[in-house]
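Given next are the chains, with one letter for each unit.
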Amino acid sequence: MTSHHRILRRKSRPLRVGRVTVGGDAPIAVQTMTNTDTEDVSATVAQIKACVKAGADIVRVSVPTLKAAEAFREIKKQVGYVPLVADIHFNYKCAIAAAEAGADCLRINPGNIGGDRKVAEVVACAKHHGIPIRIGVNAGSLEADLQEKYGEPNADALVESALRHIEILKRHNFEDFKVSLKASEVFMTVFAYRKLATMIDQPLHLGITEAGGARAGAVKSAIGLGMLLAEGIGDTIRVSLAADPVEEVKVGWDILKALHLRSRGINLVACPSCSRQNFDVIKAVQELESRFEDIDEPLDVAVIGCVVNGPGEAREAAIGVAGGYPNSIFVDGKIQHKAHNAELVDVLERLVREKIAQRRAARANGGEAQETRAADATRPSDTQR
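Residues numbered from 1 in each chain as written. Predicted model: local features only at pLDDT ≥ 70, side-chain atom pairs only at ≥ 80, totals over all residues. Heavy atoms only, no water.

Caption draft 1: Focus on the sheet that holds strand β5 (residues 84-87). Strands sit in the order β8-β7-β6-β5-β4-β3-β10-β9 across an open sheet of eight strands; the sheet is parallel. Every other strand in the sheet has two partners, leaving β8 (177-182) and β9 (205-206) as the edge strands with one partner each. With three bridges joining them, strand β3 (residues 29-33) and strand β4 (residues 58-62) adopt parallel strand pairing. Residue pairing for β4: Met33 is matched across the bridge by Arg60. Against the sheet, helix α7 (residues 186-197) makes contact with β8 and β9, and its axis sits at roughly 150° relative to β8, the strand it touches most. (Pairing = 2+ DSSP bridges. Helix = DSSP H or I, 4+ residues; strand = E, 2+ residues; numbered from the N terminus. Contact = heavy atoms within 4.5 Å. Axes fitted to C-alpha atoms, helices over the stretch in contact; angles between N-to-C directions.)

Encoded structure:
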């Protein structure tokens, strides 16, 4: 479906996290964090691979001990193609060990890893290995004097904390950093990012921290991140859920796709269903979502249960179905098939996979632009902006 709205993104200086560019004109990166025991190498590697399969661009791994740093080295060897961020708190030796073990970025707060000498060692190590640092400010761990000054966490306190950490890095002539300002309260987070976005030109990593379970957390994240992204603020995101990290990745992609900031996988347009439906829309959508999990090619598919909105929505999608007796299946805006309920999901899956195969063949033959113009020209791709 055509969208005429374009988001003008905040200009930020780009930096590299492994093979992924963050900031500048690069697509907004989707991140998640493993929740396995880092010392359990096989479990952590398996989770990283599952997250990447779901679409994660960058994965963060906690490195709380030197033993975990040793495990991190082996993890990186096994998933070398995946950009990994080492999450560090308090122990500067863990930061150095993680950098030497192959970390593509360090997540630290310079103000809580010790004195200036320790910060200097970490910065020197990051410079030596050519990796950036992410400053991660969290409303739940603000400095004691800021808690006393402001009485309770708020946007100004988050920004002041971030500026302190930024000043430390700049004092050591280190500019390759990104910043996050996270709170579980949506408006506090949004106001903090808006303020800091006007004060620095480094990339911003967005997130609503401790957002909640799969449903509530997804809603809070969609609201908070959606507000900022729609204003052009944000270069990389993480949806924080008390759930499988794979679900974080899926929700992150759904947010970006809804804003037309990135395109990946099947975009299912589906009606909520009502008594007018001529087939079980909910069941069909659930089945299609399951079958399409392996597809990363962008494609709009409409599943509408009746003839009221069905033809209009189905006509706008690459492939769509409008409920009827039998159901009408549209391909590129025209009815090309009829399908009864029992065969509907199978027919839709076949047509989707055929369409994707045609596009890939067209690209291989150098004719991608001609074959996909009608479906994709109005939607930004992952290489846009």
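Caption draft 2: Local environment of the sheet that holds strand β12 (residues 299-304). The mixed open sheet is built from five strands, whose spatial order is β11-β12-β13-β14-β15. The strands lining the two open edges of the sheet, one partner per strand, are β11 (266-270) and β15 (334-339). Each neighbouring strand pair of the sheet contributes to a mean axis angle of 20°, computed without reference to strand direction. Relative to β15, strand β14 (residues 327-331) runs antiparallel, the two being bridged by five bridges. Within β15, the residue paired with Phe330 across the bridge is Ile335. Helix α10 (residues 281-291) rests against β11 and β12 of the sheet, and its axis sits at about 175° to β11. Lying on the sheet, helix α12 (residues 344-364) is in contact with β11, β12, β13 (319-322), β14 and β15; it crosses β14 at an angle near 5°.

Caption draft 3: Representation of the layout of surface pockets within the structure. Taken as a whole, the largest pocket spans an internal volume of roughly 750 Å³. Considering the residues around the largest pocket, the lining is formed by 22 residues, among which Lys250, Asp254, Lys257, Ile266 and Glu289 are closest to the centre. Residue assignment for the lining of the largest pocket shows that the elements contributing at least two residues are α1 (41-54), α9 (245-258), β11 and α10. Broken down by element, the residue count for the lining of the largest pocket peaks at eight residues, all from α9. Tallied by class, residues from the lining of the largest pocket come to eleven nonpolar, two polar and nine charged. (1 Å grid on protein atoms, 1.4 Å probe; cavity = no way out; pocket = protein on both sides within 12 Å on 5 of 7 lines; lining within 4 Å. Points joined across faces, edges and corners; volume = space filled by probe spheres on them. Nonpolar A, V, L, I, M, F, W, Y, C, P; charged D, E, K, R; others polar.)

Caption draft 4: A look at the nonpolar core. Leu106, Val179 and Leu181 are the most contacted members of the largest nonpolar core, which totals 86 residues. Sort the elements by how many residues they give to this core and helix α6 (residues 155-171) lands first, with eight residues. Excluding residues within four positions of it along the chain, Leu181 makes contact with Val137, Leu158, Val159, Ala162, Thr189, Ala192, Tyr193, Leu196 and His205. Listed in part, the 24 residues of the second largest apolar core include Ile266, Ala284, Leu344 and Leu348. (Core = buried A, V, L, I, M, F, W, Y, C linked by side-chain atoms within 4.5 Å. Buried < 20%, exposed > 50% of the residue type's maximum accessible area, 1.4 Å probe, protein only.)

Caption draft 5: Spatial organisation of the pairing of β11. Looking at chain direction, β11 and β12 are connected through five bridges and run parallel. When the bridges of β12 are listed, Ile266 appears paired with Leu299. As for the winding sense of the linkage, the β-α-β connection from β11 through α10 to β12 is left-handed. (Right-handed = clockwise from strand over helix to strand, strands pointing away.)

Caption draft 6: Structural context of unusual backbone geometry. The omega torsion across Tyr325 and Pro326 is 0°, close enough to zero to call that bond cis. Summarising the element assignment, Pro326 is placed in the loop between β13 and β14. You will see that His260, though not glycine, has its phi angle at about 60°, which is positive. Structurally, the position occupied by His260 is in the loop between α9 and β11. Overall, His260 belongs to the partly exposed group, its relative accessible area being 23%.

Caption draft 7: Structural view of the confidence of the model for the chain. Taken over all residues, the pLDDT of the chain has a mean of 91, while the share at 70 or more is 94%. Highest mean pLDDT in the chain belongs to β9 (98); lowest belongs to helix α13 (residues 368-376) (46). A low-confidence stretch, residues 368-385 stays under pLDDT 50, and its non-local contacts, those more than four residues away or across chains, total 39 contacts. (pLDDT = per-residue confidence, 0-100.)

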